Amino acid sequence: MSSWLGGLGSGLGQSLSQVGGSLASLTGQISNFTKEMLMEGTEDVEAELPNARRKEVEALHTILRSENKRLKKLCTDLEEKHEASELQIKQQSMSYRNQLQQKEVEISHLKARQIALQDQLLKLQSAAQPVISGARDAPATAASPSFGYGLSHHASAFHDDDMDFGDIISSQREINRLSNEVSRLESEVGHWRHIAQTSKAQGSDSSDQSEICKLQNIIKELKQNRSQEIDNHQHEMSVLQNAHQQKLTEITRRHREELSDYEEQIEELENLLQEGGSGIAVTDHSKIHEMQKTIQVLQAEKVESTKKIEELEDKIKGINKKLSSAENDRGVLKKEQERLSVENRQLLEECESLKLECSKLQPYAVKQSDTVTEKERIPHSSSVEEEVFRLQQALSDAENEIKRLSNLNQEELQISLSKLNNEYEVIKNTAARDLDLDSELCDLRRNLEAKEQELNQSITEKEILIAELEELDKQNQEATKHMILIKDQLSKQENEGDNVISKLKKDLNDEEKRVHQLENDKMSITKELDVHKEKLIQSELVLSDLHLTKQKLEDKVADLVDQLNKLHTKNLNIQKENFELQEHIKQKEEELSRVRDELITQSLNRDSNSNFKDDLLNEREAEVRNLRQNLSEIEQLNENLKKVAFDLKMENEKLNLACENVRHQLEESIAGNNQISQEKNAIVEALKIEKEQLEGELCRAEKRLLEEANKYEQTMEELSNARNLSISALQLDHEHLIKLNQEKDFEIAELKKNIKQMDTDHKETKKILSASLEEQKQLTQLVNENEIFIEKLKERSSELQEELDKYTQALRKNEILRQTIEEKDRSLGSMKEENNHLKEELERLREQQSRAAPVAEPKTLDSITELESEVNQLNILKDNLKEEIKHHQKVIEDQNQSKIQLLQSLQEQKKEMDEFRYQHEQMNATHTQLFLEKDEEIKNLQKTIEQIKTQLHEERQDVQTENSVIFQETKVQGLNIENGSEKHDLSKAETERLVKGIKERELEIKLLNEKNISLTKQIDQLSRDEVGKLTQIIQQKDLEIQALHARISTASYPQDVVYLQQQLQAYAVEREQVLAVLSEKTRENSHLKTEYHKMMDIVAAKETALNKLQDENKKLSTSFESSGQDMFRETIQNLSRIIREKDIEIDALSQKCQTLLTVLQTSNTENEVGGVNSNQFEELLQERDKLKQQVKKMEEWKQQVMTTVQNMQHESAQLHEELHQLQAQVLVDSDNNSKLQVNYTGLIQSYEQNETKLKNLGQELAQVQHSIGQLCNTKDLLLGKLDIISPQLSSGSSLTSQSAESLRTIKSDVLSESSKQEIEELRKSLQEKDATIRTLQENNHRLSDSIAASSELERKEHEQTDSEIKQLKEKQDTLQKSLKEKDLLIKAKSDQLLALNENFTNKVNENELLRQAVTNLKERALILEMDICKLKGENEKIMETSREKETEYQALQETNTKFSMMLREKEFECHSLKEKALAFEHLLKEKEQGKTGELNQLLNAVKSMQEKTVIFQQERDQVMLALKQKQMENTAVQNEVQHLRDKELRLNKELERLRNHLLESEDSYTREVLAADDREAKLRKKVTVLEEKLVSSSNAVENASHQASLQVESLQEQLNVASKQRDETALQLSMSQEQVKQYALSLSNLQMVLEHFQQEEKAMYSAELEKHKQLVAEWKKKAENLEGKLVSLQERLDEANVALDSASRLTEQLDLKEEQIEELKKQNELRQEMLDDVQKKWMDLINSTEGKVDKVLMRNLFTGHFHTPKNQRHEVLRLMGSILGIKKEEMEQLLNEDTGGVTRWMTGWLGRGSKSVPNTPLRPNQQPLLNSSFSELFVKFLETESHPSIPPPKLSVHDMKPLDSPGRKKLDTSVPGSFKDTTESRSGRRTDVNPFLAPRSAAVPLINPAGLGPGGPGHLLLKPISDVLPNFTPLPVSPDNSAGVVLKDLLKQ
């Protein structure tokens, strides 16, 4: 109850604080509202501000703006923090709610328990009433203290509905303990039942492992239960001790308080006695009796307290006994453990002995196998068979023993199970009886003391039972374990024995086989070794032979080299000798010539000697021939020697190769031998190791058998002992179980109730889960639908890609795709906004729920979680849509690339264009005309624009009134939205509204799409026009190209080449120009598009008039300009934040309204206050949604602008890349052309060379023919002379021995000398001449043949050259064709390249997307991990908090118990005070009687009683201290016991670890010893192998030395042979020298003939050189002519280029002019639209204002008429008349008439004043001047009203600049708005205005007006509205002029 009251109080406090806060905020808002109303009033007072003041205000304004921005940033940061903290608080609140629910459930259970206890108490009270009735006069404390205490407490609890938590806690703990016991006993019963069933079912198969596992689990559970119960007992003890201490303290307090009360009463009585004196009557005996009774009661209480102390001491002793018994049990358990460990050790020893036996058997078996191997194929010995037989017998004995043991175990188990079943039936019977005893239990429970005793007994019995049960379980476990172990071991041993025998048999067989195999291997290896050794010996022999042969060959080579050197020297000597012989021959020839001369002189004298000389000549000729033969023979010998040397070299190389091969073979054979030897060693070692292992296994098997036999014997003994113990223990168990069952049935019923409650909760949760599952299914369906939609979109995109062939179709589809993407973007935006709305509304709902109800229902929480899951799914959908958008963007990029390809094709066509001068002149003429026309148009348009500007300025001043009204309305709506309270929850109505909003958005999206389509169509039309123009130009160029081709076909080829080069250069220049033009066009197009988008943005900005939305727009635009999608997300976040701010404000207002309503309801005021119409609220919400939609539209427009800009950037980059590619292609083409030209020139040169060669050959032919003719003539002459002179000498014509050259020399001699000498000489040399003539004839024949052949060759060459020329022409044609084909191929390849590039870019994009996806997934995974970590941390925090709460809960319970004790004390004090009061009344009565003696006696008695009480208290304190000490000692003893147990466990663990370590170390040591032995054996083997190798190597060395000696002998023999060959060659040399001498003579003759030929050839070459020089001169002339032509062509080219440049400039200027015209037209259209709007508004105004009079003005005039003095009232009336349109004459007539009537009529007419328009408010300083005239006042009013204001900023295309441009900053800071606009309108300058900065709304003031009174300018709220509102132009009034004059001027105007 107290906790509930506390909760109520805290809740009330919170609500009151909220109310206070809301009231404060409401008052603040009211004040804000009043200030705003005042602001509206002060809008009109923007009059007489000086410029300096205005500048100051603007400066202040800028400062405030910056501060505002900073504060906004701070606000956003704080909001984010706030959101984070709110989330945390929500999570915490969730956990707290859950905890609260749990606590409430616990409280309900406790209440139920309390009611039950109260019933019991009532029964006890009814039983205890007869006892108490005897002592009604005595105090209530006369009963036993514990019983009385319980009565008083429970009575108070029953009456006051208050609980004593101490008793509840103790009872709860008892119940928990009992429930635990019940569960444990039930599990035990189930276990025993299961055992009984299994024993019945299986019977013999009692050794199942499942039972053993279950038994082990039961033992573990029992141990855990025991430990828990011990802890519970200790806890109960501590609780009882605490309770007892508290009771003792309470009793002591009560005694002290009673004593103090007694002392006070005694003092009062003494005072009364002193006052009363002796006149008091005798005291009553009754009071004395009562005092004595109280003393007796106190004594009884003391006795009872001592008894209680004694009881507690007994309890402590009992607990100590329990502890000791538990320790004894522990000791017994430890002993059993030790015994078990001993048994385990014995079993291990048995195992080891069996293993030893096995190991002994194994080596024996191995020995047997060795003997078998030694006796190859001899039958097995009888000893092995005998051993096998023995082993089989031993196995059979072991099996028999195992069977006997298993039978015994089964019998024992069956007996024990049957006993257990009997006992179980007995227990069942007793349980049935226990149900009858429940009624008796109820009677027993009436006495609490008896119950406590029974509890203590049951605890002791339970402990005994547990100990016995544990012992039984342990025994059973051990027995079962032993049985299982024995069975397992026996089965294992059987299997192992069988396996060992089978293994041994197999091993024996295997070993026999292995031995045979090894022997065979050994034989084969030895054979192989022998073979290898033989091979080695052979190879070594071969090596030695090879070495010898090599040495011989080397020696031979050396000899041959020496011989070659010698031959070389000999050759040199021969050559020298040849030279000498040549010289000798020359000498001889000279001698011959002398001899001839002598012969000629002596021919006349000695004719007979002629025969002798002829003989001499013949001999000489014979000698010459011999010499020639010798020379030829020597040359042959030389050649033969060279051949021999070469062959020797070849043989040497072959031998070297053979030697290397033999070496390799030797090395391989050695390596193979080493490997074989290593393998053999490894096999031998492996066999040895296997033998050792087998021996070890046999030993182990024997040991195991022995150990297992010992184990079986021990287990038999243990089982017999265990059976005896278990029978006695079970009987005790049954008795205890009967008692325990009675107590636990009651608790089982309670537990069943709890289970039912849990079931109901479970059903509810299931229902909630099913609902959530259904919702999930719906969401999945939605997702599937979306996926289908996405697939459809993908199909569409693929279709679009297929239809990209045609340019126009592609463009259209591009538009469609863009539209779809924009729709998607908008839908995405809308979805995001809806998402944000839903999230915000969810948050609102949660906040409302948390504020409304502190304890949320689980269903609402579930719904919230479901909504959150839906939100998550919507986010996923959003992500999917984003991905789709990305995909569509890719498609658009692809289409753009296709566009670029088309542009490239256009560029390529433009490359082939030529332009001529005529066209340029025509173009220039047309351009100039166009320029003039366009300039005129521009001037006209500028004029019209200036006119429109002036009109707009005039009309805007009139229109601004309407704007102000509109702004006021919007502001009021905004206030309504802010002040509107969102009372009603988000229900079906709100969802319907959302649906409506979505539909409206869809309609808006459609309208925008239609607009977009129309605009894109316009753009397409523009682009089509441009394309048409380009196609026309291309057609013209094609025609020009055709004309050029026609010209080229007519021209000659070399000129064509030059012309083609020039054309190529021209094409390159043109192509660059065309590309420049194209790039400019694309830039212009992009510029136009950007301007178009800017204009659209401006229009949108005009539509949206709200100030906050415009600010957000600015932020978005800047963010979009800086970065793309990230900034988009940031803008969305900013929007969501702003919306959250609004929602928070709305929530705050709603709360305030709710609090106000509650306050009003409590105060019983009118119901109308605070109620807001739901219709108004809905309207406000709809307006807010519309505004948000407008904001989203603006965002979408900006997104589109950014995307278009990015696309254009991409396009420009791609165009640049393509330009570079085209340039590279052009370079390649030029390179190819240059190569072709080079080839062509080469061909021409070769042709020219061939021609020159032909000419040379012709010339040579002619010369040869001429020489032949000359020779023929000389021959005829000589023949004639010979016929005349000597016909006798015809017989010697057979001799032939001279050449043609000698004949020519003779011919020249004949011509010179005289005829006589000629005749004499000719006679002598007739023979020689005949010979020469024959030789010449032969030469002639040869020459004629050669000439014929040469002529044929020339013909053939001519034909070849003709054919080559034809081929070259064909090649040229083919090359031209191939060039064209290559161009086409290049185009195709470029297209393919582009396509491939596109594919590649796509692939790259896809890869990037995939990477991004991967990174996103990784980031998500990381985020999830972080979230998990956070959740874990939060869970831990929650756990900590829950623990803290539990501790606090316990502390509160303790405090409650204390408070209850205090209450009891207070009640006791009250009773004692009442008794004292009665006693004092009696005493007073006795005083009256005057018995003072008795009083003194009583006082003495009281003092003695007080002393006794003090003594009692001291004793009680001592007893408590002793108790505490004993408790401390107990705890210390328990701690020590636990410490000792822990120590024992640690020591045992250490012992086991040390044993394991010892065993491991022994094993490792043995392994190391074995390894060392193995190493020794291996090393010994290696030593023997090395020794063998040494021996073999020494043998090899000896063999090698022997072979070397043999080789030396053979080489010596070869040397002798070589020396013989040398002698033979020397003889041959001498012969060859003789031949050389003969050849020398013939050589000298040949040289003479050669000299003659050389002289003739020189003359021929000189003639040919002259001809060549002439040809070169002709070619130079041709080259000069060609250069001249080149220069002229280059000049033409330059002129063409100049013309092209001028044309391009003109086109650029034209385009600029066109742009200007278009811009001006657009401005014109805008201005015309503005004019039309203004005119319409003006007409509306005129229509509305015609026939209307300003009531306020008339009221002011009317009132002013009365304020003015009577002299000037006529003026006022005239003014009124002029305003009302009354003529002057009529007014004068009226004035002349009675003035009273007029005034009455005027007052009657102008009596009603309209409240619609507010009066001009007076300034605080101004006092209304009653004395001043009406006209003066009216003038002042007009002056205030007509102060100029800043007109709205202009919005033109050229005025656009980024947000932070310098021009803008200057505008903001320096110049005031009014001056700016005036200057702008006069001078047609373009000021930089951002299109995104729309005009500010009227809600925020821009200028602080001066003269607002004290605090006027400083206060923000009292600042005026912006300068957008209309104002009259200022009237300059001079102080001299009177008011009347001013009025007249005004009226004239």
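Residues numbered from 1 in each chain as written. Predicted model: local features only at pLDDT ≥ 70, side-chain atom pairs only at ≥ 80, totals over all residues. Heavy atoms only, no water.

A. Region of interest: the overall build of the chain. The helix and strand tally for the chain stands at 30 helices and zero strands. The buried share of the chain, reckoned over its 1949 residues, is 30%. Total accessible area computed for the chain in this model is approximately 123,000 Å², and 56% of it derives from carbon and sulfur atoms. (Helix = DSSP H or I, 4+ residues; strand = E, 2+ residues; numbered from the N terminus. Buried < 20%, exposed > 50% of the residue type's maximum accessible area, 1.4 Å probe, protein only. Areas by Shrake-Rupley, 256 points an atom, 1.4 Å probe, with all protein chains shown as cover.)

B. Structural detail: a negative patch on the surface. A contiguous patch of negative charge, built from Glu263, Glu264, Glu267, Glu268 and Glu270, is present on the exposed surface. Structurally, Glu267 can be placed in helix α5 (residues 209–276). (Patch = residues over 30% accessible without salt bridge, like charges linked within 9 Å, V, L, I, M, F, W, Y side chains within 5 Å. Salt bridge = Lys/Arg side-chain N within 4 Å of Asp/Glu carboxyl O. Lys, Arg positive; Asp, Glu negative; His and termini not counted. Charge placed at Lys NZ, Arg CZ, Asp CG, Glu CD.)

C. Focus on helix α23 (residues 1751–1763). If you check α23, its first and last C-alpha atoms are 18 Å apart, about what 13 residues at 1.5 Å a residue would give, namely 18 Å. Within α23 the residues assigned to the buried category are Val1752, Met1754, Leu1757, Phe1758, Gly1760 and His1761. (Expected span 1.5 Å × (residues − 1).)

D. Spotlight on the nonpolar core. Core analysis: the biggest nonpolar cluster contains twelve residues, these being Ile266, Leu269, Leu273, Ile288, Met291, Ala1479, Phe1480, Leu1483, Leu1495, Leu1498, Leu1499 and Val1502. At four residues, the largest contribution of residues to this core is made by helix α22 (residues 1492–1745). Excluding anything up to four places from it in sequence, Phe1480 contacts Gln265, Ile266, Leu269 and Lys287. Met1754, Leu1775, Leu1791 and Phe1830 belong to the second-largest nonpolar core, a separate cluster that totals eleven residues. (Core = buried A, V, L, I, M, F, W, Y, C linked by side-chain atoms within 4.5 Å. Contact = heavy atoms within 4.5 Å.)

E. Quick peek at the pattern of salt bridges. Scanning all chains against the criterion turns up 31 salt bridges. Among the salt bridges present, the one from Glu496 reaches Arg704, with a minimum N-O distance of 3.5 Å. Of this pair, Glu496 sits in helix α9 (residues 448–603) while Arg704 sits in helix α10 (residues 610–802), and the two are 208 residues apart along the sequence. On the accessibility criterion, Glu496 (28% relative accessible area) is partly exposed. The salt bridge partner of Lys824 is Glu884, with a shortest N-O separation of 3.2 Å. Placement of Lys824 in helix α11 (residues 807–852) and of Glu884 in helix α12 (residues 858–911) is noted, with a sequence separation of 60 residues between them. Here Glu884 falls in the buried class, since its relative accessible area comes to 7%. One salt-bridge network, in which partners are shared between bridges, spans Arg177, Glu181, Arg184, Glu188, Glu229, Glu236 and Lys462.

F. Seen up close, the environment of Arg1129. By the secondary structure assignment, Arg1129 is in helix α17 (residues 1125–1162). Given the relative accessible area of 41%, Arg1129 is considered partly exposed. Sequence spacing of Arg1129 and Leu1116 is 13 residues, and the spatial spacing of their C-alpha atoms is 9.9 Å.

G. The arrangement of the packing of aromatic side chains in detail. Across all of its chains, the model carries one aromatic pair by this definition. Looking at Arg254, its charged tip hangs above the ring of Phe1468, at a distance of 5.1 Å from the centre. The aromatic ring of Trp1675 is capped on one face by Lys1678, whose charged end is 4.3 Å from the ring centroid. (Phe/Tyr/Trp six-rings, centres within 6.5 Å; stacked < 30°, edge-to-face > 60°. Lys NZ or Arg CZ within 6 Å of the ring centre and 35° of its normal.)

H. Structural detail: the side chain of His191. Within the secondary structure layout, His191 lies in helix α4 (residues 165–202). Residue His191 is classed as buried on the basis of its relative accessible area, which comes to 8%. Residues contacting His191, with those up to four places away along its chain left out, are Leu215 and Ile218.

I. Examining a nonpolar patch on the surface more closely. Together, Leu71, Leu74 and Leu78 line one region of the surface with nonpolar side chains, adding up to about 270 Å² of accessible area. Tracing the backbone through its elements, the reader meets Leu74 in helix α2 (residues 51–133). Exposure remark for Leu74: the relative accessible area of 40% places this residue in the partly exposed category.

J. Structural context of the confidence of the model for the chain. Per-residue pLDDT for the chain averages 78, and the proportion of residues at 70 or more is 78%. Ranking the helices and strands of the chain by mean pLDDT puts α22 first, with 89, and helix α3 (residues 145–160) last, with 40. This model gives residues 961–986 a pLDDT under 50, and the stretch forms 59 contacts once residues within four places in sequence are excluded. Here residues 1165–1172 is modelled with pLDDT under 50, and outside its nearest four sequence neighbours on either side it reaches nine contacts, counting other chains as well. (pLDDT = per-residue confidence, 0-100.)

K. Spotlight on the environment of Lys882. Inspection of the secondary structure assignment puts Lys882 in helix α12. Between the C-alpha atom of Lys882 and that of Lys824, which follows or precedes it by 58 residues, the distance is 9.0 Å. Here Lys882 is in contact with Leu828, Lys832 and Arg1129, once residues within four sequence places are set aside.

L. Main features of a positive patch on the surface. A surface patch of like charges, here positive, comprises Arg65, Lys69, Lys72, Lys73 and Lys1115. Of all the elements, α2 adds the most residues to the positive patch, at four residues. Overall, the relative accessible area of 60% leaves Lys73 in the exposed class.

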